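# Summary of the model geometry
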Amino acid sequence: MNTVPMPFDVRLMNFTASVLFGAVVLGTLATGLWWALRHPAFALAGITVQGDLNHTSEVSLRTQVAPKLAGNFFTVDLRQARAAFETVPWVRKALVQREFPNRLKVVLEEHKGVAFWGQERDSRLVNSYGEVFEANIGELESDDLPYLSGPEGQAAQVLTMVRSLAPALEPLGATLDELELSARGGWRARLDSGATIELGSGTVAEVRERTLRFVRTLPQVTGKQGRNPRDLLTADLRYGDAYAVRLRGVTTGDAVKKK
């Protein structure tokens, strides 16, 4: 069966009709989009805040962030909104989502301060991830935190060392108050008793093992002098097979061979 070709003028008319129909559809969509982008019903009417709110109130968050948000429900830049929330003190991360028809939903994660950071002892803290952040020290639940210091970018390494050494020192009845990492890689600790310990350099495992040997033998050393570990003033563990100590009330200090 032969098919008779459609006349050219008919095909042209059909094509023109299709183009016109498509243009009408696109125009309608564009008009609807224009209406949605500008209609007052989609202006941002509020922000729902969820997550950690230990140091910042919802009212304070809205006050600080809302003026930085531009656009409505459809046009607001979520990345910029997230960045605005993460500039608020104590906020570590913010997840921002649209909540139809005119709200934003924000889920916050706050920093958990576990130590002070820096020799200046200013407003910088270290969180549980080893990240340095700035906050109002007066808002801490407790100021009984260790002081850590070291080269910039090494806070996580220093925090790891603290977590390794703190339990190693417990048999002495001592608390680690300060830990410093020098630019050359040497470690220095200060206990709550005021004693200073030069820990030497090395990996976390090496420094911990050196400290454990020191803790294990120190009671014997102090006992021979009629003292106890709380009488320790200074210790130097940087020797290969020995350490040197200075005790309160004892005028001489000897290098003690490690066992």
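It should be noted that the structure appears before, not after, this text.
Residues numbered from 1 in each chain as written. Predicted model: local features only at pLDDT ≥ 70, side-chain atom pairs only at ≥ 80, totals over all residues. Heavy atoms only, no water.

Time to look at the overall build of the protein. Helix and strand counts for the protein come out as five helices and 13 strands. With 259 residues in all, the protein has 34% of them scored as buried. Taking the contacts inside the protein whose residues are at least 6 apart along the sequence as the reference set, 48% of them involve residues at least 24 apart. In the structure as shown, the protein presents an accessible area of about 15,400 Å², 55% of it carried by carbon and sulfur atoms. (Helix = DSSP H or I, 4+ residues; strand = E, 2+ residues; numbered from the N terminus. Buried < 20%, exposed > 50% of the residue type's maximum accessible area, 1.4 Å probe, protein only. Contact = heavy atoms within 4.5 Å. Areas by Shrake-Rupley, 256 points an atom, 1.4 Å probe, with all protein chains shown as cover.)

What follows deals with helix α4 (residues 155–169). Helix length check: α4 (15 residues) gives 21 Å between terminal C-alpha atoms against 21 Å at 1.5 Å per residue, within 8%. The set of residues buried in α4 consists of A155, V158, L159, M161, V162, S164, L165, A168 and L169. (Expected span 1.5 Å × (residues − 1).)

So, on to the sheet that holds strand β3 (residues 103–110). In space, the three strands of this open sheet follow the order β1-β3-β2, with mixed pairing throughout. With partners counted over all chains shown, the strands left at the sheet margins are β1 (46–51) and β2 (91–99), one partner each. Taking each pair of neighbouring strands and ignoring which way they run, the sheet shows an average axis angle of 25°. The pairing of β1 with β3 spans six bridges and is classified as parallel. Opposite G51, over in β3, you have L108 as the bridge partner. Helix α3 (residues 78–86) contacts β1, β2 and β3 of the sheet and is inclined by roughly 145° relative to β2. (Pairing = 2+ DSSP bridges. Axes fitted to C-alpha atoms, helices over the stretch in contact; angles between N-to-C directions.)

Okay, the packing of aromatic side chains next. Counted under the stated rule, the structure contains five aromatic pairs. With a centroid separation of 4.6 Å and 20° between ring planes, the pair formed by F116 and Y147 is classed as stacked. Within this pair, whereas F116 is found in strand β4 (residues 113–117), its partner Y147 is found in strand β7 (residues 147–149), the two being separated by 31 residues in sequence. The partly exposed category is assigned to Y147, whose relative accessible area is 26%. Through pairs of rings, three or more aromatic residues link up here, namely F73, F74 and F100. One Lys or Arg, R92, reaches over the ring of Y129 and ends 3.8 Å from the middle of that ring. (Phe/Tyr/Trp six-rings, centres within 6.5 Å; stacked < 30°, edge-to-face > 60°. Lys NZ or Arg CZ within 6 Å of the ring centre and 35° of its normal.)

Let us look at the environment of S142. By the secondary structure assignment, S142 is in the loop between β6 (132–134) and β7. Taking the relative accessible area as the measure of exposure, S142 reaches 38% and is therefore partly exposed. Spatially, the C-alpha atoms of S142 and G113 are 9.5 Å apart, while their sequence positions differ by 29 residues.

Approximately 170 Å³ is the volume found for the second largest pocket. Among the elements of the structure, β7, β8 (176–181) and β9 (187–191) are those that each provide at least two residues to the lining of the second largest pocket. (1 Å grid on protein atoms, 1.4 Å probe; cavity = no way out; pocket = protein on both sides within 12 Å on 5 of 7 lines; lining within 4 Å. Points joined across faces, edges and corners; volume = space filled by probe spheres on them.)

Below, the discussion takes up helix α5 (residues 204–224). In an α-helix there are 3.6 residues to a turn, and that puts residues three or four apart on one side. Over its 21 residues, α5 extends 31 Å from the first C-alpha to the last, a length consistent with the 30 Å expected when each residue adds 1.5 Å. Within α5 the residues assigned to the buried category are V207, R210, T211, F214, V215, T217, L218, V221 and T222.

Before going further, it helps to examine the pattern of salt bridges. Evaluation of the coordinates by the stated rule reveals 13 salt bridges. Of the charged contacts in the structure, one is a salt bridge between R92 and E131, with a shortest N-O distance of 2.7 Å. One end of the pair, R92, is in strand β2; the other, E131, is in the loop between β5 (124–127) and β6, and 39 residues separate them in sequence. For E131, a relative accessible area of 31% corresponds to the partly exposed category. (Salt bridge = Lys/Arg side-chain N within 4 Å of Asp/Glu carboxyl O.)

This brings us to the nonpolar core. Core analysis: the biggest nonpolar cluster contains 34 residues, and L179, L199, F214 and L232 have the highest contact counts within it. At the level of secondary structure, the elements contributing two or more residues to this core comprise β4, α4, β8, β9, β10 (196–200), α5, β11 (232–236) and β12 (242–247). Here this core gets seven residues from one element, more than from any other, and that element is α4. The residues contacting F214, other than those within four sequence positions of it, are L172, I197, L232, A235, L237, Y243 and V245. One finds V49, L69, A81 and V88 within the second-largest nonpolar core, a separate group that totals 16 residues. (Core = buried A, V, L, I, M, F, W, Y, C linked by side-chain atoms within 4.5 Å.)

For the structure on display, the rule yields one cavity of 30 Å³ or more. Considered as a void within the structure, the largest cavity measures approximately 40 Å³ in volume. Around the largest cavity sit L172, A174, L191, S193, A195, P229, R230 and L232, which together line it. The class makeup of the residues in the lining of the largest cavity is six nonpolar, one polar and one charged. (Nonpolar A, V, L, I, M, F, W, Y, C, P; charged D, E, K, R; others polar.)

So yeah, pure geometry; function would need other evidence.
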